[in-house]
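Below are the chains, spelled out letter by letter.
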Amino acid sequence: MNTAICRIDPENFSDEELNTAGDILQKGELVAFPTETVYGLGGNALDPRASAKIYQAKGRPSDNPLIVHISEMEDLCRLAAFVPEKAKRLADAFWPGPLTMIFRKKDIVPEATTGGLSTVAVRMPSHPIARALIRRSGIYIAAPSANSSGRPSPTKAEHVLEDLQGKIPMVIDGGGVGIGLESTIVDMTEGSPSILRPGYITKEMIEREIGEVQIDPALLAMKENVVARAPGMKYRHYAPKGQMTIVEGDTERVIAAINDMVREKQALGCCVAVIATEETRECYQCSLVRSVGSRKTEGSIAAGLYDILREMDHLGAEFIFAESFREDRLGQAIMNRMLKAAAYRLIQV
Ligand code: AMP
Ligand code: MG
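The rules behind the values
- Residues numbered from 1 in each chain as written.
- Chains lettered and ligands numbered in written order.
- Predicted model: local features only at pLDDT ≥ 70, side-chain atom pairs only at ≥ 80, totals over all residues.
- Heavy atoms only, no water.
- Helix = DSSP H or I, 4+ residues; strand = E, 2+ residues; numbered from the N terminus.
- Rg over C-alpha atoms; globule rule 2.2 N^0.38 Å.
- Buried < 20%, exposed > 50% of the residue type's maximum accessible area, 1.4 Å probe, protein only.
- Areas by Shrake-Rupley, 256 points an atom, 1.4 Å probe, with all protein chains shown as cover.
- Lys, Arg positive; Asp, Glu negative; His and termini not counted.
- Charge placed at Lys NZ, Arg CZ, Asp CG, Glu CD.
- Axes fitted to C-alpha atoms, helices over the stretch in contact; angles between N-to-C directions.
- Parallel < 35°, antiparallel > 145°, perpendicular 65-115°, else oblique.
- Left-handed = near helix turned anticlockwise from the far one by under 90°.
- Contact = heavy atoms within 4.5 Å.
- pLDDT = per-residue confidence, 0-100.
- Salt bridge = Lys/Arg side-chain N within 4 Å of Asp/Glu carboxyl O.

Along the backbone of the protein there are eleven helices and 16 strands. Relative to the 2.2 N^0.38 estimate, which gives 20 Å for 349 residues, the radius of gyration of the protein is 20 Å and therefore close to what a compact globule would have. Within the protein, the fraction of its 349 residues that count as buried is 56%. Working note: accessible area of the protein is about 14800 Å², and carbon and sulfur atoms make up 48% of it. Where the 41 positive side-chain charges of the protein centre and where its 46 negative ones centre are 4 Å apart.

Listed below in structure tokens is the structure:
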């Protein structure tokens, strides 16, 4: 299959530019498109055959459900069996935007889209191309990240092509995305809402709107396992091909520890790379040092993370040593993705 690339300027386009993409989606085929979080691989959420194509193109396990993207608030009650008051308040506050909410599903949503679950994940994205595409195609768009399963999520059309060229009919290239990490996911099906995946919309921001929310114990539990024992490969995700280790502690000690480990691996003839920050990039004695962004702006780190993880593969890095980040606000989402990329290999110094 030839993958067409449709270049669109997100700041200046007409809806006609989305005609071909809209037609492809209506026919039950797939289109990758930019959202404000990462690029999504879209298909008709109500068509089980379209969903099946998404799983196939990504090589995604069929029990990992897809997020359904809508463009209008009215669409939500067509998909969700029940919308709690707190969900309405979160939608008012954060939609359109990088927040996904889980609801009990209506029958029209096929289990092929929800990975066999009786619940459905819904998001209203804010990216102008995503919004226009949903409206033009006239469908609800099921869209997981447009990467091969297990690889870092795509934040540029080039990343999508790296993974899916020849497997899907079209990619809309709308340039780099703004946020660079997947949406925050909040489960609204229980009495007390629970964050299943941290993202740009933080716990603090959510609690300001609806009061206390839980964090899925699995998110925290996995982290504790990490230090205790070697993590299973099943947790590996967003991952570069090399073995990644995160080093946590006082900055000076982190730098010293990473330099030691780099020296040790280089002595064995291995290709080693360091993921540093603007503030520390000059401090490493390693030929491959990449800065993921500045600690002064967490947003720049979120936006640069997946690109850097993919670059590690291009560099042929066999061992990757990365600095760690504070786990509050956006840092929680950043560290969640980094820990998965590192298969929870974390060293404290
Ligand atoms: P992706 O868009 O690739 O980040 O994948 C969608 C994410 O949403 C995955 O982590 C899914 O496990 C999660 N998700 C989608 N639907 C549900 C659901 N009904 N319940 C819980 N998690 C979900
Ligand atoms: Mg994904």
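Turning our eyes to something else, we now look at the packing of helix 4 (residues 85-94) against helix 7 (residues 203-210). Closest axis-to-axis distance for the helix 4/helix 7 pair is 9 Å, and the angle between their directions is 120°. It follows from the interaxial angle that helix 4 and helix 7 lie oblique. Handedness of the crossing formed by helix 4 with helix 7: right-handed. Along its contact with helix 4, which presents K86, R89, L90, A93 and F94, the element helix 7 presents M205, I206, E209 and I210.

Before going further, it helps to spend a moment on the environment of A218. Within the secondary structure layout, A218 lies in helix 8 (residues 217-228). For A218, a relative accessible area of 36% translates into the label partly exposed. With 22 residues separating them along the chain, A218 and L196 place their C-alpha atoms 8.4 Å apart.

Our focus in this paragraph is the confidence of the model for the protein. Per-residue pLDDT for the protein has a mean of 94; in total, 95% of the residues score no lower than 70. In the model, residues 226-234 has pLDDT below 50 throughout and makes six contacts with residues more than four positions away in sequence or in other chains.

Between W95 and P96 the backbone carries a cis peptide bond, its omega angle lying at -10°. If you trace the backbone, P96 turns up in the loop between helix 4 and strand 5 (99-104). Despite not being glycine, A343 has its phi angle at roughly 50°, a positive value. Mapping A343 onto the fold places it in the loop between helix 11 (330-341) and strand 16 (346-348). By relative accessible area, which is 3% here, A343 ends up buried.

Another aspect to go through is the pattern of salt bridges. Here the structure, examined in full by the defined rule, presents 21 salt bridges. A salt bridge links E72 to R135; the nearest nitrogen and oxygen atoms lie 3.9 Å apart. Of the two residues, E72 sits in the loop between strand 4 (67-69) and helix 3 (73-79) while R135 sits in helix 5 (residues 128-137), which places them 63 residues apart along the sequence. You can call E72 partly exposed: its relative accessible area is 30%. Overall, the relative accessible area of 43% leaves R135 in the partly exposed class. The shortest N-O distance in the salt bridge between D328 and R329 comes to 4.0 Å. Each of R151, E162, D163, R310 and D313 takes part in salt bridges that share partners, so that together they form one network.

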